[in-house]
Amino acid sequence: MFAYHPEIATYPPWFIILFVSFLDSIFYYLNFPQWRNYVPFGLADKETNGWLSHQVESMVGSNAYRPLLSYPDFLTNNQKEHNLSSMYTYAFETDTTALGSLANYESMIALVGLVLWMRLIKSILLPLFCSIGRKAGTSAHGKEWARKEENEERIIKFGEYLFRLLYHLSVSIYGVWYFRDKPWWDKSQGGTKNLWIGYPNQPIEVGMTWYYLMQSAYNVEALLSLAELSFVCTFQNPFHPLLNSNNNNKFPFQNPVKISWSPTCRGDFREMAIHHIITNLLVIGSSAFRFTRVGSMVFLVHDLSDVPVDLSKLANFMKWKLGTIVFFVTMVLTWAITRLGVLPFVIFRSIVFERHLFAVFAGGYMPDLMWHAYTPIFILLVGGIIALHVFWFFIIVRIGWRLLSKGETVDYSEHKNGEEGKQTVDQQEQQQTKKDS
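Heads up: these notes are all about the structure in this document. Predicted model only: the values in this text are computed from it and were never measured.

## Observations regarding helix H1 (residues 14–29)
Now for step 1: Between its terminal C-alpha atoms H1 stretches 23 Å, which fits the 22 Å expected from 16 residues at 1.5 Å a residue.
Now for step 2: All of the buried residues along H1 are Ile 16, Ile 17, Val 20, Ser 21, Leu 23 and Asp 24. Looking down the long axis of H1, one finds its buried residues gathered within 160° of arc, a one-sided arrangement.
Now for step 3: Just downstream of H1 lies Asn 31, where phi reads positive at about 60°.

## Regarding the nonpolar core
Now for step 1: Counting residues in hydrophobic clusters, the biggest one holds 44 residues, and the most contacted among them are Trp 196 and Phe 291.
Now for step 2: Of all elements in the fold, only helix H7 (206–230), helix H9 (269–288), helix H10 (292–317), helix H11 (321–353) and helix H13 (368–406) reach the threshold of two or more residues within this core.
Now for step 3: Top element by residues in this core is H13. It accounts for 11 residues.
Now for step 4: One finds Leu 102, Phe 129, Val 171 and Leu 314 within the second-largest nonpolar core, a separate group that totals 32 residues.

## Remarks on the pattern of salt bridges
Now for step 1: For the structure on display, the rule yields nine salt bridges.
Now for step 2: One salt bridge in this structure joins Arg 36 and Asp 24, with 2.8 Å as the shortest N-O distance. With a gap of 12 residues between them, Arg 36 in the loop between H1 and helix H2 (71–77) and Asp 24 in helix H1 connect regions that are remote in the sequence.
Now for step 3: Between Glu 354 and Arg 349 there is a salt bridge, and its shortest N-O distance comes to 3.5 Å.
Now for step 4: Using a relative accessible area of 32% as the deciding quantity, one classes Arg 349 as partly exposed.
Now for step 5: Salt bridges linked by common partners bring Arg 119, Lys 122, Glu 160, Glu 221 and Glu 228 together as one network.

## Observations concerning H10
Now for step 1: Taking 1.5 Å of rise per residue, 26 residues should cover 38 Å, and H10 covers 37 Å from first to last C-alpha, within 8% of that figure.
Now for step 2: For H10, the tally of buried residues reaches 23 of 26 residues, placing the bulk of the element in the interior.
Now for step 3: Of the residues flanking the end of H10, it is Lys 319, one or two places downstream, whose phi is positive at about 60°.

Thresholds, definitions, all that
- Each chain carries its own residue numbering, running from 1 in the direction its sequence is written.
- Local features in a predicted model are, by the rule used here, given only for residues with pLDDT of at least 70; side-chain atom pairs are given and counted only at 80 or more, and totals for whole chains, interfaces and linings are based on all residues.
- Hydrogens are left out, water is left out, and the side-chain values use all remaining heavy atoms of the structure.
- Secondary structure counts use DSSP, requiring at least four H or I residues in a row for a helix and at least two E residues in a row for a strand, with both numbered from the N terminus.
- Residue count minus one, scaled by 1.5 Å, sets the expected span of a helix.
- Whether a residue is buried, partly exposed or exposed follows from its accessible area with a 1.4 Å probe, protein chains only, as a fraction of its type maximum: under 20%, in between, or over 50%, in that order.
- Summarising the geometry, the arc corresponds to the directions from the helix axis toward the C-beta atoms.
- Grouping buried Ala, Val, Leu, Ile, Met, Phe, Trp, Tyr and Cys residues that are joined through side-chain atoms within 4.5 Å yields what is termed a nonpolar core.
- One speaks of a salt bridge when a side-chain nitrogen belonging to Lys or Arg is within 4 Å of a carboxyl oxygen belonging to Asp or Glu.

Just distances and angles here, no functional claims.
Right, here's the structure in full:
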């Protein structure tokens, strides 16, 4: 991995370089840039290659990164006035703008706007989708099913699944259409080597810019939605213990905000929370550091495999056994091909083995020390995503075995802690029938 350049062997570990970079930032703001002169034991001595002697520039502020076209510069360069027409031209007709990297305020404003817009659309569609779920549940399970309070949680999740299906299907269709002729997907044009050639000053097309912004907004919104489904936040009087004469608590005050688990919390909340946190770090970090090409590949393999996942959950909800089996088999195949095949053996392999060769040494723009310091973070995050996929795949296999051996379709995310002992809808209905008789 590091055999391309002999100097890399003399560098300290990447996390040490990051720590030194952090110290440089602190002492810069403290107006004390000569702090290395006071480090003992030769740790900051350049002659002895002390670990603290290495100085690495920030990736965002590096001279290797050419500034992207900002909106004020766009107006100046094209002698335009600030109006809606100019904003539209800048956002939707101009390539390689500051919207292409979340390290710029223009893109952050666009991201916040898209998150709010997505939540607005979701607030309109979810009641409609839940109504469809209520009708589908009544048709599949009977009229009494929809009246039970515990089934309201499943109806809400049905609406969520339908919204996800609509999103994943839409971005998958767009992604396949937009990336169909991109060289990093075409082995005859160099394949994944094109992810790194010319990095970090590769052109960013308008289609890529908004694809990335939309994906970023969806992942931020998904993390917010997971928190909403998993927690109940209530406000309480912080002085209540003082007002309660029977209070034996030695503390006179209580927390004004009480956070507890929600009954709609997913059974795989812990894994999904880790997944969403890692994903958002990757999305925002990859955009800020202009890894948009490799990031777009990761997006596409996830979206394609998410479509049958959503379909299988909807079919399971409606007790459509044939559809559940068909979509489940499709899910297993697409998951194995995309998340356990393309992601680790094409994309991740390129991140590990091709990044140094083409981005640093073969005429690349990146200083090798800076590359050595920052890119291991992305390797660890992508590796973490792959590890989660392997974990989930074993769960999928267990569900498949249960489906084949017992004819049961269980969603392990339905209940808190994902207990396998939770009963299926069919079993609950059978027991309820026995009680009624």
